[in-house]
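# Structural characterization, general
Single-letter residue listing:
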Amino acid sequence: MKIGVSTACYYPLETELALEEVGKGGIKTTEIFFNAESELKPTFVDILKGIQNEYGIEIASVHPTMSLAESFMIFSAYARRFYEAITQFERYSEIAAELGAKYIIMHGGKPNGILNDEEYCERYMTLKNACLKNGVTVLQENVANFRSGDCEFLESMRNILGDDAEFCFDIKQSVRRGYLPLDMLERFYDNIKHCHISDHSLSSDCLLPFDGNFNFDDFFAFLKAKNYNGACVIEVYNNAYKNYSEIIESYKKITI
């Protein structure tokens with residue numbers, strides 16, 4: 001198991017500068033959250049690779065900038081947009097492969113989407129197979145206001161696809177949907193390949209680890225007992241801290 005920090009924590013700092021902050025903090029594992037289409041250009045990827053090599057950072061996963069549009073692009077009735085989305089995801093898989101990342105994180109479709117669960121899974125597998133050509137797997141993240149925020153939908157995905165349904169588990173998103181994170185982790189563990197971690201309290205659902213009430217001892221004990229070998233990356237919003245140093249301090253408190 002590896003512990004890291006997502007570049008998303010530093011948003012709206014530019015992606016390359018966020019990656020540099022990760023490196024300067026001595027963090028060796030990250031997820032890169034892309035924030036603009038221009039960041040998919042080869043020259044920009046070379047900048048990221050340079051920073052990665054300078055600091056010896058392992059990039060576990062990448063997060064597309066099109067997340068908010070995935071329902072519109074991928075899971076609608078308009079097939080032409082879906083084919084364009086496949087091309088975009090293929091590009092992300094090329095970049096992920098260059099950076100050594102194993103996963104692309106997907107938010108997916110909104111609850112009001114017109115596709116049924118079988119059609120949704122068919123679209124997911126089409127994207128996944130396109131990216132697997134570059135050795136990169138698409139993971140469905142549980143996101144509170146998307147279909148994937150619902151445990152019954154994730155269960156349906158697993159029933160339809162079996163082991164091909166692969167998930168990114170996000171603590172804060174489970175809290176936002178009203179689920180206990182440990183219960184959700186245990187329910188879907190066999191399909192979980194990557195984790196976004198954060199803390200929470202009665203006053204906030206997104207805090208840096210150890211700033212809230214979540215039982216990280218039980219969380220990591222469960223993962224270790226299962227021999228989890230994926231990454232757990234801190235992913236919070238910038239209102240969860242005042243200074244970048246707080247991110248590093250939180251990261252250093254995690255012992256596994």
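Scroll up a little and you will see the structure.
Below, the structure is looked at part by part. None of these values were measured; they are calculated from a predicted model.

## Details of the pairing of strand β2 (residues 29–33)
Among the five residues in β2, five count as buried, and that is most of the element. Neither face of β2 is left uncovered, since the one carrying Thr-29, Glu-31 and Phe-33 and the one carrying Thr-30 and Ile-32 both have all their residues buried. Traced from strand β1 (residues 2–6) through helix α1 (residues 15–24) to β2, the parallel crossover comes out right-handed. Relative to strand β3 (residues 58–63), β2 is paired through five bridges, and the arrangement is parallel. Residue Phe-33 lies in a different strand from β3, and its bridge partner there is His-63. Regarding the hand of the β-α-β motif, the stretch spanning β2, helix α2 (residues 42–55) and β3 is right-handed.

## Observations concerning the pattern of salt bridges
For the structure on display, the rule yields twelve salt bridges. Its salt-bridge partner being Glu-166, residue Lys-128 comes within 2.6 Å of it at the nearest N-O pair. Pair noted here: Lys-128 is in helix α5 (residues 117–132) and Glu-166 is in the loop between α6 (151–161) and β6 (167–170), with a separation of 38 residues, a long-range link. In this structure, Glu-152 and Arg-187 form a salt bridge, with 3.2 Å as the shortest nitrogen-oxygen distance. You can see Glu-152 sitting in helix α6 and its partner Arg-187 sitting in helix α8 (residues 181–188), a full 35 residues away along the chain. A relative accessible area of 32% places Arg-187 in the partly exposed class. Sharing partners across several salt bridges, the network here consists of Glu-152, Glu-155, Arg-158 and Arg-187.

## Some thoughts on the sheet that holds strand β7 (residues 192–197)
The sheet built from eight strands closes into a barrel, its strands ordered β1-β2-β3-β4-β5-β6-β7-β8 with parallel pairing. The mean inter-strand angle of the sheet, taken between neighbouring strand axes irrespective of direction, is 30°. Across two bridges, the pairing between β3 and strand β4 (residues 103–106) is parallel. Bridged to Ser-61 within β4 is Tyr-103. Contacts between helix α9 (residues 216–225) and the sheet are confined to β1, β6, β7 and β8 (231–234), with β7 contributing the most and set at about 165° to the helix.

## What to know about the environment of Thr-255
Along the chain, Thr-255 turns up in the segment after α10 (244–253). Among the residues examined, Thr-255 registers a relative accessible area of 65% and is labelled exposed. Taking the C-alpha atoms as reference points, Thr-255 and Asp-217, 38 residues apart in sequence, are found 9.0 Å from one another.

## Quick look at helix α4 (residues 79–99)
Helix length check: α4 (21 residues) gives 30 Å between terminal C-alpha atoms against 30 Å at 1.5 Å per residue, within 8%. Within the sequence span of α4, burial applies to Arg-81, Phe-82, Ala-85, Ile-86, Phe-89, Arg-91, Tyr-92, Ser-93, Ile-95, Ala-96 and Leu-99. Downstream of α4 by a residue or two, Gly-100 has a phi angle that is positive, lying close to 85°.

## Re α8
Of all the positions in α8, only Pro-181, Leu-182, Met-184, Leu-185 and Phe-188 are classed as buried. Looking down the long axis of α8, one finds its buried residues gathered within 160° of arc, a one-sided arrangement.

## Some points on the nonpolar core
Counting residues in each nonpolar core, the largest one holds 79 residues, and the members touching the most others are Ile-197 and Phe-219. Per-element tally for this core: the top contributor is α4, with eight residues. Not counting the four nearest positions on each side in its chain, Ile-197 is found in contact with Ile-171, Phe-216, Phe-219, Phe-220, Cys-232, Val-233, Ile-234, Glu-235 and Ile-254.

## Looking at unusual backbone geometry
A cis amide bond, omega 15°, links Tyr-11 with the succeeding residue Pro-12. Locating Pro-12 in the fold gives a position in the loop between β1 and α1. One non-glycine residue, Phe-210, lies in the positive phi region at around 80°. At Asn-227, a residue that is not glycine, the phi angle is positive and equals roughly 60°.

## Side note on the packing of aromatic side chains
Inspection of the entire model under this criterion finds 16 aromatic pairs. An angle of 10° between the planes, with centres 4.0 Å apart, marks the rings of Phe-75 and Tyr-120 as stacked. Pair noted here: Phe-75 is in the loop between α3 (70–73) and α4 and Tyr-120 is in helix α5, with a separation of 45 residues, a long-range link. Summarising the burial analysis for this pair, Phe-75 and Tyr-120 share the class buried.

What counts and what doesn't
Residues numbered from 1 in each chain as written. Predicted model: local features only at pLDDT ≥ 70, side-chain atom pairs only at ≥ 80, totals over all residues. Heavy atoms only, no water. Buried < 20%, exposed > 50% of the residue type's maximum accessible area, 1.4 Å probe, protein only. Helix = DSSP H or I, 4+ residues; strand = E, 2+ residues; numbered from the N terminus. Right-handed = clockwise from strand over helix to strand, strands pointing away. Pairing = 2+ DSSP bridges. Salt bridge = Lys/Arg side-chain N within 4 Å of Asp/Glu carboxyl O. Axes fitted to C-alpha atoms, helices over the stretch in contact; angles between N-to-C directions. Contact = heavy atoms within 4.5 Å. Expected span 1.5 Å × (residues − 1). Arc of directions from axis to C-beta. Core = buried A, V, L, I, M, F, W, Y, C linked by side-chain atoms within 4.5 Å. Phe/Tyr/Trp six-rings, centres within 6.5 Å; stacked < 30°, edge-to-face > 60°.

What is shown is where atoms sit, not what they do.
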